[in-house]
Amino acid sequence: MATLDSLKRALRQTAKTTASSPKQPLSDTQYGVGFDILVQDSGCMAYQDFIIPQLSQLLSPLFISRTHISALEIGPGPKSILGHLPAHLRRKVKRYTAFEPNGLFATRLEEWLCPTSEMKSPLPCLDGPPDIHRVPFVLKDTIVNGNNTGDDEDEYDIILFCHSMYGMKPKHRFIERALELLVERPQGGMVAVFHRDGALHLDGLVCHRTASFPSGVVRVADDDEVLDCFAPFIAGFIIQDVDVDEAIRIEWRKVCRALGRREEAHPDHLFFSSPEVMAAFTQHATTLPELTAQVPLGKDQAVKNREARLYRPASMIRPTEVRHVQQCVRWALKHGVGLTVIGGGHSGHCLRPNVVSVDMGAFDKVHILTAGDDGGDAGSDSGSDSSSFVVAEAGCKTGDIVRKAMAAGVTVPLGARPSVGAGLWLQGGIGHLARLHGLACDAIVGVVMVSVETGQVLCVGHVPSQHRPADAVRPANEPDLLWAIKGAGTNFGIVVSATFKAYTAPTYLTRNWVFPLSDNLEARLRLSDFDKLVARKLLRNCSADAYLYWDAGRLHLGVTIIESSTSRSTFETFTPTPVGATLGPEDAFKAVDAVGLFETEMYVSGMHGGHGGGKTSSFKRCLFLKSIGEANVVDRLVVAVKTRPSPLCYLHLLQGGGAVGDVAADATAFGCRDWEFACVITGVWDRAQDGTEAARSAVRWVYKVAEELLSLSSGAYGADLGPDPRDATLAAKAFGPNRPRLARLKYSLDPRNVLAYACPLPKALMEQKVVILVTGESCAGKDYCANVWVSVFPKCTHKRLTARTVSISDATKREYAATTGADLDRLLEDRAYKEQHRPALTRFFQEQVRQQPRLPEQHFLDAVYGAVDVDVLLITGMRDEAPVAALSHLVPDTKLLEVHVQASKQTRQTRRGCHGSDDNGNNKDSSNNRSNLTALDYRPSLAFANDTAGNEAAERFAEQHLLPFFHEDLQRLANMVRPIPNFPRPDIEFRHVLGISQQPGGLALCTSLLETHFIGDWAKVDAVACCEIGGFVYASALASQVDVPLVLIREAGKLPPPTVSVIKPPSHISSLASNSTKEKRIEMERDVVPRGASVVVVDDVLSTGETLCAVLQLLCKAGISAEDISIMAVAEFPVHRGRELLHRRGFGRINIQSLLVFGGA
């Protein structure tokens, strides 16, 4: 599939060699027709999947910081890009200017922004009519209002180059001119460029942020008439002579059909690759000379990755001293730009367009320290019994370290390729000693690094004294930082050196087998035998690799078993092994040292004549598999190899288990521990084909295979992943349970996102965030209410709150529109049109969930992490049952509420514009003609009756029921909950909720908040119940305050008979402290509460829910209906999923409230 850029070159070359007649620019009509062909269908996907999300993310901080936004768009075409932004951003645009030289486009743009029909303007809050100039944007000063007054009217907060920069030469001058038009005060204005196909060469301008969409595709009908319009648009001209022009168009059709790709699903269309790039610039874009005057420059020879070398960085810096690295970081912090870091140069994202790259190649020393050489350490305990350490600087390659260490008789469990560098060690490092000694990152005991938060030199963990820079300091959060370095280390600072614990250097014996495979059945049998009868029976000093590849017209399975031994005599004579009975005689075996081991890799010396000759390029992604012998796994592996786009592509299966799995998933940032094989999907092509369709098709194949295997995997390897949007789904599985913690650490350790192009981590939630799920039946007015409530939060008297509303169903609507051809704009904005499609939308979503059961969770997280910059997020469009119980554990530091919007049947039908039954025939109305809560099998946090016209009732509801969640007394209470690390056992951070009562005014404050936050009526409550010490403290004070009886629930035998009792499992903290699973009975006095009474259960914490579940079972046994019980907890720990447990055990209808939410234990 050719790119549009290569198609343009081919079309122009054809015209040049075929005709000598003069060229003629396209008319506005001809250009418009070609443009419409380009952006329809697949072009729309670029907007939905790349342009709008990237622009929304980029502009949100700017728009939130200002009450009025002035915008300039250059070449917007018939519709403004800004007009597609989320509504809360569009409403901020008060002044709009555009340069659109195509007269037809300018007219359509004006009509779209100033509609005369009932449709609203996409920029509804403009202070005046849009100022649309029907001329090109030029480099002269007299451009904006036809004058050069230099007043504020000529300045803009945001300037967009909308559809590439065709015809603008030199491009950097046009961007510099746009930068001059940004407002000077307040700073923060931005110039953003969207460029389709081809690199942006901007001569030293530095991006604030850059992003790419390499999978963009343009689909064009394979029709003579369509191609006759499309080809001139791509070429940029027609031929003046009519006859010659007609002949050229016939040739151009042939070119399009020769270069376009056909797909079986769309046989009547041609497909062309159309990658998109976004580059954003601020007033700091021209500050590169300030840095290059201070630090040495480097060259791109340091980068091995051929794909990365296609990018042109703003500059490459090669520091030779630690202070040079500090200067790079301080410059980046000062000017709000990012950096990339080059270690081994194998990463596809070590170079980014118009971003400064820091080449660490000059830091290439390896130091071996034996017992007594490390000079002692005043810092953290390494936890190592090893008497030797290896200190490797960040520019060292694996081969350098292994050679130097081997000469001293030691080794480090690094990866299997000699030329990889620090990026591998810091993000995992899977080698042939992993089963014996663990991953490379597991061997790290300390690092020296430059903080990207402050520019300071940090000494983290165990670093021998002679290798600590004189000005290095210990960070306050040292344990967290060392934890993060061991598995996600490229995200948190620029590492200068790493200290590894060392092991005795072994000798290796390699044995190779190659099996030609006749069909899928033989592949299943061979891989199953290899998995179950060979790999799983090997000792830890052995590792088994398998290769699936195509050669000589058939599928092959290659097997290598590598055995390590520290005994010199072990391999002096060959001895048969038990695996020989399964695999048969070896094709080859060889005893080697650690250096020689690199050359024995089958992909280097045994496959396709050897890949080690340096004549190929490759692209890899890696997934972790529990079993490779299962039929569904084998079938997908075989299909992958059969559909490879080039003969050299292969799958490499590296054995794991052993010491890799001995480390707990949350003990280091590398959270994917439960796997037996790492499947490295390797796309390979001839190096002469770099940058061509052959390379692109190999990359697409890698991602397609990864997508097919993802659902069968237990995780993805983060070391390969970067800012490519295709990596996002893999990155979501890269760190196991550690993603939330990593997100929080990224937010605190790299707050300015200097290392924005490392393996993507989720965005951390801001503190004290509240997420409100707005639910209810169709046409109850959920979106309307959410928008009203959003307007109330900024009016909060004691603090300025930011709020936003998003629809979680928008993601489904976008995918539905892309699949069915429905009009996305109307699905998002036109209620009648949306209602018309509702049944089909529902079926579409249900089918998506059937194929991807975790899709609702992913949509929820995308919505939450997309709004980290606000205090309150309101989410509409939820379809989950009991969404707070189902989703709260995903955002454990967040207060998650559900407000269920109700409306009568008549009101809902009026809003829908009809008087019949619901679209889906699901009428849940009660006898009082209102959608009601009894139809639900759970109790939402709050309910709002939305039958009254106007905003007043909704605003009053927000003031009375939502704003109290932001009362300053809640923060005072939270500050009284002391965190206690390593209690009741190591690696647990205990929150001392009961300690509130031991602080001055703490008990009174907590009692007051429990009383005022109760959503029921205390006058109708008959008793307050509590269980054991945590409940007794708070419940007794509350019962006294509201003047209702206190019901004590105690351990069996401590209350006088007669009693009622049930079994209670141990509490969460008790089980952590003693590891005891012993159950005991709890009891209450019989008839202390009359049957049918209303009871509020009060406890200090809600964690696993087991204790509260036992209390509820006891109350029910005593004759209290679950409908008459409420729960109030002082603090909730959602990560333990207590609400979900209560819902699952039949207590979903009970109202549960908590004052505080914490993410830990």
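Residues numbered from 1 in each chain as written. Predicted model: local features only at pLDDT ≥ 70, side-chain atom pairs only at ≥ 80, totals over all residues. Heavy atoms only, no water.

Our next topic: the overall build of the protein chain. In terms of regular secondary structure, the protein chain is built from 37 helices and 44 strands. For the protein chain, the proportion of its 1161 residues judged to be buried stands at 55%. For the protein chain, contacts bridging at least 24 residues in sequence account for 76% of all contacts bridging at least 6. (Helix = DSSP H or I, 4+ residues; strand = E, 2+ residues; numbered from the N terminus. Buried < 20%, exposed > 50% of the residue type's maximum accessible area, 1.4 Å probe, protein only. Contact = heavy atoms within 4.5 Å.)

Once that is clear, we can look at the layout of surface pockets. The calculated volume of the second largest pocket comes to roughly 1,200 Å³. Along the walls of the second largest pocket sit 39 residues, with Tyr31, His163, Met165, Tyr166 and Gly167 positioned nearest its centre. (1 Å grid on protein atoms, 1.4 Å probe; cavity = no way out; pocket = protein on both sides within 12 Å on 5 of 7 lines; lining within 4 Å. Points joined across faces, edges and corners; volume = space filled by probe spheres on them.)

This brings us to the confidence of the model for the protein chain. On average, the protein chain scores 86 in pLDDT, and the residues at 70 or more come to 90%. A low-confidence stretch, residues 142-152 (pLDDT under 50), is modelled with 24 contacts involving residues beyond four sequence positions or located in other chains. pLDDT under 50 marks residues 378-385. Its contacts with residues more than four places away, or in other chains, come to eleven contacts. (pLDDT = per-residue confidence, 0-100.)

Now for the sheet that holds strand 31 (residues 770-776). If you trace the five strands from one edge of the open sheet to the other, you get 32-33-31-34-35, paired in parallel fashion. What marks the edges here is a single partner per strand, and that holds for strand 32 (803-807) and strand 35 (942-945). Adjacent strand axes in the sheet meet at a mean angle of 25° when their direction is disregarded. Bridge analysis of strand 31 against strand 34 (residues 895-902) gives seven bridges, and the strand direction is parallel. When the bridges of strand 34 are listed, Thr775 appears paired with His900. Lying on the sheet, helix 24 (residues 782-792) is in contact with strand 31, strand 32, strand 33 (872-876), strand 34 and strand 35; it crosses strand 33 at an angle near 170°. Sheet strands touched by helix 28 (residues 855-865): strand 31, strand 32, strand 33 and strand 34. Its angle to strand 33, the strand with the most contacts, is close to 145°. (Pairing = 2+ DSSP bridges. Axes fitted to C-alpha atoms, helices over the stretch in contact; angles between N-to-C directions.)

In a regular helix each residue adds 1.5 Å, so twelve residues correspond to 16 Å; helix 19 (residues 631-642) covers 16 Å between its end C-alpha atoms and thus fits that length. Taken together, the buried positions of helix 19 are Val633, Val634, Leu637, Val638, Ala640 and Val641. Seen along its axis, helix 19 keeps its buried residues to an arc of 155°; they face one direction. (Expected span 1.5 Å × (residues − 1). Arc of directions from axis to C-beta.)

Residue Pro170 is reached from Lys169 by a cis peptide bond, and omega for that bond is -10°. In this structure, Pro170 sits in the loop between strand 5 (158-161) and helix 6 (171-180). Cis geometry is found at the peptide bond from Pro1057 to Pro1058, where omega equals -5°. Structurally, Pro1058 is set in the loop between strand 39 (1046-1051) and strand 40 (1059-1064). Even without a glycine there, the phi angle at Asp1043 is positive, about 60°. Topologically, Asp1043 is positioned in the loop between helix 34 (1028-1042) and strand 39. On the basis of relative accessible area, Asp1043 is assigned to the exposed category, the value being 67%. Even without being a glycine, Arg1137 presents a positive backbone phi close to 60°. By secondary structure assignment, the location of Arg1137 is in the loop between strand 43 (1125-1132) and helix 37 (1138-1147).

This part is about helix 31 (residues 952-962). Turning to helix 31, its buried residues are Ala953, Ala954, Phe957, Ala958 and Leu962. Along helix 31, the residues classed as buried sweep out an arc of 140° about the axis, all on the same side. Structural note: helix 31 exposes Glu952 and Gln960 on the side pointing more than 90 degrees away from its buried face. At its buried positions, helix 31 is contacted by strand 31, helix 24, strand 34 and strand 35.

Counting residues in each nonpolar core, the largest one holds 141 residues, and the members touching the most others are Leu339, Trp425 and Phe500. In terms of residues, this core owes the most to one element, helix 21 (residues 693-710), which gives ten residues. Those residues in contact with Phe500 that lie beyond four places of it in its chain are Ser388, Phe389, Val390, Ala392, Val412, Leu414, Trp425, Ala440, Ala443, Ile444 and Val445. Formed by 34 residues, the second largest nonpolar core is a distinct cluster that contains Phe50, Leu62, Ile69 and Leu89. (Core = buried A, V, L, I, M, F, W, Y, C linked by side-chain atoms within 4.5 Å.)

Attention shifts here to the packing of aromatic side chains. As enumerated under the stated definition, the model contains 25 aromatic pairs in all. Between the aromatic rings of Tyr816 and Phe844, the centroid separation amounts to 5.6 Å while the plane-to-plane angle is 75°, which identifies the pairing as edge-to-face. Residue Tyr816 is found in helix 25 (residues 810-820), and its partner Phe844 is found in helix 27 (residues 831-851); the two are separated by 28 residues along the sequence. Residues Tyr816 and Phe844 agree in their burial class; the two are buried. Aromatic ring contacts, followed pair by pair, group Tyr31, Phe35, Phe105 and Phe233 into a single cluster. Above the ring of Tyr311, the side-chain terminus of Arg352 is found at 4.8 Å from the ring centroid. (Phe/Tyr/Trp six-rings, centres within 6.5 Å; stacked < 30°, edge-to-face > 60°. Lys NZ or Arg CZ within 6 Å of the ring centre and 35° of its normal.)

Time to look at the pattern of salt bridges. Taken as a whole and assessed by the stated rule, the structure comprises 42 salt bridges. The shortest N-O distance in the salt bridge between Arg257 and Asp224 comes to 2.7 Å. In this pair, Arg257 is assigned in helix 8 (residues 242-259) and Asp224 in helix 7 (residues 224-235), connecting sequence segments 33 residues apart. Take Asp224: its relative accessible area is 33%, and that puts it in the partly exposed class. Salt-bridge contacts for Glu952 lead to Arg956; the nearest nitrogen and oxygen are separated by 3.5 Å. Here Glu952 and its partner Arg956 are both found in helix 31, four residues apart, which amounts to about one turn of the helix. The exposed category is assigned to Glu952, whose relative accessible area is 58%. (Salt bridge = Lys/Arg side-chain N within 4 Å of Asp/Glu carboxyl O.)

Right, let's get into empty space enclosed by the protein. Following the criterion strictly, the structure yields five cavities of 30 Å³ or more and no others. Of the pockets and cavities examined, the largest cavity occupies roughly 180 Å³. In this structure, the largest cavity is lined by 16 residues; those nearest its centre are Ala885, Tyr938, Arg939, Arg1139 and Gly1148. Broken down by class, the residue content of the lining of the largest cavity amounts to nine nonpolar, four polar and three charged. Within this model, the second largest cavity holds a volume of roughly 140 Å³. Lining the second largest cavity are 14 residues, and of these Leu414, Gly415, Tyr508, Leu597 and Phe598 sit closest to its centre. Here the residues of the lining of the second largest cavity sort into ten nonpolar, four polar and no charged. When we break the lining of the second largest cavity down by domain, the ones giving at least three residues each are domain 3 (366-371 + 387-504) and domain 4 (507-568 + 582-748). (Nonpolar A, V, L, I, M, F, W, Y, C, P; charged D, E, K, R; others polar. Domains from an automatic or database assignment.)

Before going further, it helps to spend a moment on the packing of helix 36 (residues 1106-1117) against helix 37. At a closest axis distance of 9 Å, the pairing of helix 36 and helix 37 adopts a crossing angle of 25°. Classified by the angle their axes make, helix 36 and helix 37 are roughly parallel. Our pair here, helix 36 against helix 37, has a crossing hand that is right-handed. Contact residues: helix 36 offers Glu1106, Leu1108, Cys1109, Leu1112, Gln1113 and Cys1116, while helix 37 offers Leu1141, Leu1142, Arg1145 and Phe1147. (Parallel < 35°, antiparallel > 145°, perpendicular 65-115°, else oblique. Left-handed = near helix turned anticlockwise from the far one by under 90°.)

With that settled, the discussion passes to the state of the cysteines. Inspection of every chain in the model, using the stated rule, returns zero disulfides. Not engaged in a disulfide, the cysteine Cys672 finds its nearest cysteine sulfur in Cys622; these two sulfurs lie 9.7 Å apart. Assessed through its relative accessible area of 3%, Cys672 is described here as buried. (Disulfide = S-S within 2.5 Å.)

Mapped onto the elements of the fold, Ala882 is located in the loop between strand 33 and helix 29 (883-887). Look at Ala882 and you get buried, because its relative accessible area is 6%. Sequence separation of Ala882 and Glu1140 is 258 residues, and the distance between their C-alpha atoms is 8.5 Å. For Ala882, the residues in contact, after removing those within four places along its chain, are Tyr938 and His1143.

Our next topic: the packing of helix 1 (residues 4-18) against helix 7. Interhelical geometry of helix 1 versus helix 7 gives an angle of 95° and a closest axis separation of 8 Å. The angle between helix 1 and helix 7 falls in the class roughly perpendicular. Contacts from Leu4, Leu7, Lys8, Leu11 and Arg12 of helix 1 reach helix 7 at Phe230, Ala231, Ile234 and Ala235. Of the residues belonging to the contact of helix 1 with helix 7, the class tally is seven nonpolar, no polar and two charged.

For strand 34, the tally of buried residues reaches eight of eight residues, placing the bulk of the element in the interior. Two elements, strand 34 and strand 35, share four bridges in a ladder whose sense is parallel. Opposite His900, over in strand 35, you have Ala943 as the bridge partner.

Moving on, we get to the sheet that holds strand 40. The strand order across the open sheet formed by seven strands is 40-41-39-38-42-43-44, and the pairing between neighbours is mixed. Edge positions in the sheet fall to strand 40 and strand 44 (1151-1157), since each of these pairs with one other strand and no more. The average undirected angle you get between the axes of adjacent strands in this sheet is 25°. With seven bridges joining them, strand 42 (residues 1095-1102) and strand 43 adopt parallel strand pairing. Its bridge partner lying in strand 43, Asp1099 is registered against Ala1129. Packed on one face of the sheet, helix 34 meets strand 38 (1023-1027), strand 39, strand 42 and strand 43 and runs near 160° to strand 38. Strand contacts of helix 36: strand 38, strand 39, strand 40, strand 41 (1080-1085), strand 42 and strand 43, with the helix running at about 150° to strand 40, the strand carrying the most contacts.

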